[in-house]
Amino acid sequence: LRARARLEPAALQRAVRGRQERRDRARAASTAPSISGSRGSLAIAAGGDKAAIIVGRPDGQDDDVRSYARLRRDVARVARGLRSHPQLVGGGSDSGDDSNSDVFDFKAGGVALVVSPNHADYFAAVHGVLAAGGVVSPANPAGTSADIAFQLEDCGASLVFAHESVLDKVAAAL
């Protein structure tokens, strides 16, 4: 026998309405310019304030929406932070404090492990590594610290991006 949870009609209507609204926003975003990458350089077409990323929150709060413009800025900032020569990445002029741009001497071909649940910042980390010429090794945030340690050793990552919800697990893996 298969057990099914029964929702009250009002709760069911809210869930369906929320799903429809997210689907409608995703459809609107899909008509925006696409993201494409080539040989480590990320080109985000002029999408401006159109939604590039919509991530639903499990706590029921509003979805986390990132525009193409913000995604482009975030990706360029991550890439500059990884490269020892920030002027080679992102070429554009965006505002923000990039005083840490020479902290990581991340070389092209370097591997970064990314451990994160579904989160809007995940995309900036992944595409920032790719824009810096690196390789991304995504890890399951639900895995154990032993799983993360194995993957870290196996892929040879020189850098780890970790969401705050998995910091303890990642620290134990290091």
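A few points on the structure. If you're wondering where the values come from, they're calculated on a predicted model, not measured in any experiment. (Residues numbered from 1 in each chain as written. Predicted model: local features only at pLDDT ≥ 70, side-chain atom pairs only at ≥ 80, totals over all residues. Heavy atoms only, no water.)

### Digging into the overall build of the protein
Then, number 1: When you go through the protein residue by residue, the secondary structure sums to five helices and seven strands.
Then, number 2: Ordered by position in the sequence, the α and β elements of the protein form the string α-β-β-β-β-α-β-α-β-α-β-α.
Then, number 3: Each of the 174 residues in the protein was classed as buried or not, and the buried ones make up 32%.
Then, number 4: Of the contacts formed within the protein by residues at least 6 apart in sequence, a portion of 55% connects residues at least 24 apart.
Then, number 5: Roughly 11100 Å² of accessible area belongs to the protein as shown, and the carbon and sulfur atoms make up 50% of that amount. (Helix = DSSP H or I, 4+ residues; strand = E, 2+ residues; numbered from the N terminus. Buried < 20%, exposed > 50% of the residue type's maximum accessible area, 1.4 Å probe, protein only. Contact = heavy atoms within 4.5 Å. Areas by Shrake-Rupley, 256 points an atom, 1.4 Å probe, with all protein chains shown as cover.)

### As for the environment of Ser67
Then, number 1: Its place among the elements puts Ser67 in strand 4 (residues 64–67).
Then, number 2: According to the relative accessible area criterion, Ser67 is buried, its value standing at 16%.
Then, number 3: Side-chain polar atoms of Ser67 contact the backbone nitrogen of Arg70, separated by 3.0 Å. (Polar contact = N/O pair within 3.5 Å; in protein donor to acceptor, adjacent residues only side chain to side chain.)

### Overview of the side chain of Asp74
Then, number 1: Along the polypeptide, Asp74 turns up in helix 2 (residues 68–82).
Then, number 2: Assessed through its relative accessible area of 15%, Asp74 is described here as buried.
Then, number 3: Excluding residues within four positions of it along the chain, Asp74 makes contact with Arg66 and Ala124.

### Looking at the sheet that holds strand 5 (residues 111–115)
Where strands meet in a sheet, backbone hydrogen bonds hold them as pairs that are either parallel or antiparallel.
Then, number 1: Pairing in this open sheet of three strands is parallel, and the strands run 6-5-7 from one edge to the other. The sheet is open, and its two edges are formed by strand 6 (135–139) and strand 7 (159–162), each paired on a single side. Neighbouring strand axes in the sheet, compared pairwise and without regard to direction, differ in orientation by 25° on average.
Then, number 2: Pairing geometry for strand 5 and strand 7, over four bridges, is parallel. Residue pairing for strand 7: Val114 is matched across the bridge by Phe161.
Then, number 3: Sheet strands in contact with helix 4 (residues 145–155) are strand 5, strand 6 and strand 7, and its direction is about 160° off that of strand 5. (Pairing = 2+ DSSP bridges. Axes fitted to C-alpha atoms, helices over the stretch in contact; angles between N-to-C directions.)

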